[in-house]
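# Overview (structure and organization)
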Amino acid sequence: MKGFTTKVVHNDRQDSIEHGSLHKPIHANVAYGYEDARDLAAVFQGEKSGYSYGRQLNPTISALESKITTMEDGVASVCFGTGMAAIGTTLFSLLRSGDHMVSSAFLFGNTNSLFNTFGKMGIGVSFVDATSVDAVADAVTENTRLVFVETIANPRTQIADLRQIGELCTQRGLVYVVDNTMTSPYLFQPKTVGASLIINSLTKYIGGHGNVLGGAVTETGCYDWSVFPNIYPEYQLGEATKWGITQTRKKGLRDLGASLGPEAAHHVAIGAETLALRVQRQSENAMAMCEFLHAHPMIKKVYYPGLTEHPQHRRAAELFRAFGGLFSFELQSDVDLWEFLNRLQVIVKSSNLGDNRTLAIPVAHTIYFEMGPERRASMGIDESLIRISSGIEDSEDLLADLSAALN
Ligand SMILES: *Cc1c(COP(=O)(O)O)cnc(C)c1O
């Protein structure tokens, strides 16, 4: 068994590439011609493998899908134009009106917005504190089809009870969807806790340079779809451990059309090569900044799974290779949020995360602004909370920047 980065870097060469190219070329192409019309028909009917139309398959995208499947140790992946497209299309393909799902209440804001929309379309969603399996188990009803969690929640870094929720889903025959964006497959492979489907926003750590949007879903092979009532007969092809991803590609990608473009796939594939190097460095930088802030009198509270006081520190240490690049902190009440942020010279005031640059954002005034002060308070979002996504800069420069701004 080769190591993570060796496999990622050499994955394209599992198949022979045109002209011996080391990278899979960009196939800027929509349709495919066949000499024998019977072959065209066989591809459409799923009897022969081949390409038909660019919305659902493209050789450059296929190469990236294979790379992501390798990173997650899965059986198949489908790529999308964004991470939200991956979540939306996957769930839209697999759920029907009258179904119910249990979701972590600590969710990426846009996913929360999407699930509220599902609620208005007849799919019941219960939001629970997924740091404890009991809350998830209590919310399961006879119509529950699926459980959705993130690994490390943004911005407060709560960690779902990933292993026990996996066991619960196995016992109850529920599809277990894990959004692995925040950890990335380098820090954590959700298959190890029994995930059925894994979501990655390729925009964040996998693409890694803040220059491309993308998303993916990976089938782990852990779930037997023959017990799942919503797979159409025409997608019950081959092994039952792949029906979910088949329906997501054939029905979901066709119906919703949220496809990844070949140029974007190329950018993501280049980014993926350095995932492990970047995330290692980002984790080290996050740890150094958190230790500095934690000891600083002007800082009220620091949220980072790498700190021993974090409520799920031991869970994170057991499951993840490192603690990741995302953390947040609150200022003491006499420190002016805007003054502090505006004095930062290296750290950039920006949304997004997983970039090579360290980014800081005042959470309550931006990504959580729309929900208002009461909802924020109920979610434990302090008005002074600052989220940091650590980059790959030299650690001393980041510490000096924080120190100068606070002084
Ligand atoms: C950013 C993010 C998404 C959505 O990804 P986009 O590519 O921005 O659509 C989904 N889940 C998590 C945890 C994210 O951080």
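Scroll up for the structure.
Residues numbered from 1 in each chain as written. Predicted model: local features only at pLDDT ≥ 70, side-chain atom pairs only at ≥ 80, totals over all residues. Heavy atoms only, no water.

### Considering the overall build of the protein chain
Tallying secondary structure elements over the protein chain gives 16 helices and twelve strands in all. The C-alpha radius of gyration of the protein chain comes to 22 Å, within 12% of the 22 Å expected for a compact globule of 407 residues. Seen through its C-alpha atoms, the protein chain measures out along the principal axes to roughly 75 × 55 × 40 Å. Across the 407 residues in the protein chain, those meeting the buried criterion constitute 53%. A fraction of 70% describes how many contacts in the protein chain between residues 6 or more apart in sequence connect residues 24 or more apart. Total accessible area on the protein chain is roughly 17500 Å²; 51% of this is exposed by carbon and sulfur atoms. Taken as two groups, the 34 positive and 44 negative side-chain charges of the protein chain have centres that lie 4 Å from each other. (Helix = DSSP H or I, 4+ residues; strand = E, 2+ residues; numbered from the N terminus. Rg over C-alpha atoms; globule rule 2.2 N^0.38 Å. Buried < 20%, exposed > 50% of the residue type's maximum accessible area, 1.4 Å probe, protein only. Contact = heavy atoms within 4.5 Å. Areas by Shrake-Rupley, 256 points an atom, 1.4 Å probe, with all protein chains shown as cover. Lys, Arg positive; Asp, Glu negative; His and termini not counted. Charge placed at Lys NZ, Arg CZ, Asp CG, Glu CD.)

### Points about the sheet that holds strand E5 (residues 175-179)
Read from one edge to the other, the open sheet built from seven strands follows the order E1-E7-E6-E5-E4-E2-E3, with strand pairing classed as mixed. For this open sheet the edge positions go to strand E1 (76-80) and strand E3 (124-128), each flanked by a neighbour on one side alone. Ignoring which end each strand starts from, the neighbouring axes of this sheet average 20 degrees apart. Strand direction decides the pairing type here: E5 and strand E6 (residues 197-201), joined by three bridges, are parallel. (Pairing = 2+ DSSP bridges. Axes fitted to C-alpha atoms, helices over the stretch in contact; angles between N-to-C directions.)

### What to know about unusual backbone geometry
Between Asn154 and the following residue, Pro155, the backbone shows a cis peptide bond with an omega angle of 5 degrees. With respect to the secondary-structure elements, Pro155 resides in the loop between strand E4 (144-150) and helix H7 (162-172). Positive phi values are uncommon outside glycine, yet His19 reaches one of about 60 degrees. Within the element layout of this structure, His19 appears in the loop between helix H1 (4-10) and helix H2 (37-44). Given a relative accessible area of 84%, His19 falls into the exposed group.

### Section: the site of the ligand
Taken together, 13 residues sit near the ligand, with Gly83, Met84, Asp179, Thr203 and Lys204 positioned nearest. The separation between an oxygen atom of the ligand and a polar side-chain atom of Ser201 is 2.9 Å. The side chain of Lys204 places a nitrogen or oxygen atom 2.7 Å from an oxygen atom of the ligand. Bound to the protein, the ligand loses 93% of the 380 Å² it would expose on its own. Taking a 2 Å distance to the grid points as the criterion, the majority of the atoms of the ligand fall inside the second largest pocket. Of all the secondary structure elements, the ones that give two or more residues to the shell around the ligand are helix H4 (83-94) and helix H9 (202-206). Looking at the shell around the ligand element by element, the count peaks at three residues for H4. (Near = heavy atom within 4 Å. Polar contact = N/O pair within 3.5 Å; in protein donor to acceptor, adjacent residues only side chain to side chain. 1 Å grid on protein atoms, 1.4 Å probe; cavity = no way out; pocket = protein on both sides within 12 Å on 5 of 7 lines; lining within 4 Å. Sits in = over half its atoms within 2 Å of the grid points.)

### Concerning the pairing of strand E12 (residues 386-389)
Burial along E12 is two-sided: the residues Ile386 and Ile388 and Arg387 and Ser389 are all buried. One ladder, built from four bridges, connects strand E11 (residues 359-362) with E12; its direction is antiparallel. When the bridges of E12 are listed, Ala360 appears paired with Ile388.

### A look at the environment of Glu374
As for its placement among the helices and strands, Glu374 is situated in helix H15 (residues 372-378). For Glu374, a relative accessible area of 72% translates into the label exposed. Placed 228 residues apart in sequence, Glu374 and Leu146 show a C-alpha to C-alpha distance of 29 Å.

### Observations concerning the nonpolar core
Leu162, Phe329 and Phe340 are the most contacted members of the largest nonpolar core, which totals 77 residues. Counting residues per element, this core draws most heavily on helix H12 (residues 275-294), at seven residues. Looking at which domains feed residues into this core, each of domain 1 (4-272) and domain 2 (277-406) supplies at least three. Discounting residues that sit within four places of it in the chain, Leu162 has contacts with Val149, Glu150, Thr151, Tyr176, Val178, Phe188, Val193, Leu319 and Phe320. (Core = buried A, V, L, I, M, F, W, Y, C linked by side-chain atoms within 4.5 Å. Domains from an automatic or database assignment.)

### Comments concerning the packing of aromatic side chains
The geometry of an aromatic ring pair is captured by the separation of the ring centres together with the interplanar angle, meaning the angle of the planes. In total, this model carries 13 aromatic pairs according to the counting rule given. Each ring, one from Phe329 and one from Phe340, has its centre 6.1 Å from the other, and the planes form 80 degrees; the classification is edge-to-face. A residue pair is termed long-range when its members are at least 10 positions apart, and Phe329 in strand E9 (residues 326-331) and Phe340 in helix H14 (residues 337-343) qualify at eleven residues. Every member of this aromatic cluster is reached through a ring pair, and the members are Tyr304, Phe323, Phe327, Phe329 and Phe340. Note that Lys204 overlies the ring of Phe108, its terminal NZ or CZ placed 4.8 Å from the centroid. The side chain of Lys251 reaches across the aromatic face of Tyr232, ending 5.8 Å from its centre. (Phe/Tyr/Trp six-rings, centres within 6.5 Å; stacked < 30°, edge-to-face > 60°. Lys NZ or Arg CZ within 6 Å of the ring centre and 35° of its normal.)

### Remarks on the pattern of salt bridges
Under the defined criterion, the tally for this structure stands at 17 salt bridges. Lys48 is the partner of Asp39 in a salt bridge, and the nearest nitrogen-oxygen pair spans 2.8 Å. Accessibility expressed as a relative area gives 42% for Lys48, which makes it partly exposed. Members of the salt-bridge network, linked through shared partners, are Lys251, Arg254 and Asp255. (Salt bridge = Lys/Arg side-chain N within 4 Å of Asp/Glu carboxyl O.)

### Quick word on the layout of surface pockets
In this model, the largest pocket occupies a volume close to 1300 Å³. Together, 39 residues line the largest pocket, and Ser49, Gly50, Leu57, Arg249 and Lys250 are the ones closest to its centre. Listed by contribution, the elements that provide at least two residues to the lining of the largest pocket are H2, helix H3 (59-72), E1 and helix H10 (243-256). No other element matches the six residues that H3 contributes to the lining of the largest pocket. Grouping the constituent residues of the lining of the largest pocket by class yields 14 nonpolar, 14 polar and eleven charged. Mapped by element, the contributors of at least two residues to the lining of the second largest pocket are H4, helix H5 (109-120), E6 and H9. Among the elements that make up the lining of the second largest pocket, the one with the highest residue count is H5 (four residues). (Points joined across faces, edges and corners; volume = space filled by probe spheres on them. Nonpolar A, V, L, I, M, F, W, Y, C, P; charged D, E, K, R; others polar.)

By themselves, these are just geometric observations and shouldn't be taken as functional.
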